[in-house]
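A closer look at the structure
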Amino acid sequence: METTDSRIKRNVMRRVHAVHTMRLAASITLPLLVLVASLYGIGREVWVARVFANMPSLADVSAVISFFASAFASTHLAVQLLILLSIAATFWVLREIYHVLQFPHHRYA
C-alpha cells in the first residue's frame, strides 16, 4: 500500500517536471518567434525570389559572398536590421537547442 508521503512526493515531482518542461519550451519558443517574425519582415520588404534568381552559382563562393555583401549594403536600413535580427535569432535558437541537448537536467537547477 502506498503511503501518503510517497503520493505527495510523486505529485510534487510530477509538477516539478511539468514546470521544467514548460520552461524549456518557453526558452526555445521566444527565439523561434523572433526568428519567424524577422524572416516574415524580410519577406514583406524584399522580393526574395528575385534575390535568388539574380544570385550567382553557389559553386563560386567568392561571387556569392560579394553578391550578398553588395545586396546587404544597397538595401534600406529596415531590411538590414531585419537581416541582422534574423541572424542573431538563428544563433539564439541554436544556443538554446544546444543547452537543452547538452544539459537537459541542469538547465534550471
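Quick look at the structure, then. (Residues numbered from 1 in each chain as written. Predicted model: local features only at pLDDT ≥ 70, side-chain atom pairs only at ≥ 80, totals over all residues. Heavy atoms only, no water.)

This paragraph deals with the layout of surface pockets. Taken as a whole, the largest pocket holds about 370 Å³ of empty space. If you go around the largest pocket, you meet 14 residues; those closest to its centre are Ile42, Val46, Val51, Phe68 and Ile83. Listed by contribution, the elements that provide at least two residues to the lining of the largest pocket are helix H2 (48-54), helix H3 (61-73) and helix H4 (77-102). The leading source of residues in the lining of the largest pocket is H3, at four residues. Tallied by class, the residues present in the lining of the largest pocket amount to 12 nonpolar, two polar and no charged. (1 Å grid on protein atoms, 1.4 Å probe; cavity = no way out; pocket = protein on both sides within 12 Å on 5 of 7 lines; lining within 4 Å. Points joined across faces, edges and corners; volume = space filled by probe spheres on them. Helix = DSSP H or I, 4+ residues; strand = E, 2+ residues; numbered from the N terminus. Nonpolar A, V, L, I, M, F, W, Y, C, P; charged D, E, K, R; others polar.)

Where helix H1 (residues 4-45) contacts H4, the two axes come as close as 8 Å, and the packing angle between them is 155°. Here H1 lies roughly antiparallel to H4, going by the angle between them. With respect to the hand of their crossing, H1 and H4 are arranged in left-handed fashion. Each residue belonging to the contact of H1 with H4 can be placed in one class, and the counts come to 18 nonpolar, five polar and two charged. (Axes fitted to C-alpha atoms, helices over the stretch in contact; angles between N-to-C directions. Parallel < 35°, antiparallel > 145°, perpendicular 65-115°, else oblique. Left-handed = near helix turned anticlockwise from the far one by under 90°.)

The description of an aromatic ring pair uses the distance of the two centres, along with the angle that the planes make with each other. Per the counting criterion, the structure on display carries one aromatic pair. With a centroid separation of 5.2 Å and 75° between ring planes, the pair formed by Phe67 and Phe68 is classed as edge-to-face. In this structure, Arg50 packs its charged tip against the face of Trp47, placed 5.1 Å from the ring centre. (Phe/Tyr/Trp six-rings, centres within 6.5 Å; stacked < 30°, edge-to-face > 60°. Lys NZ or Arg CZ within 6 Å of the ring centre and 35° of its normal.)

These figures come from the coordinates and say nothing about function on their own.
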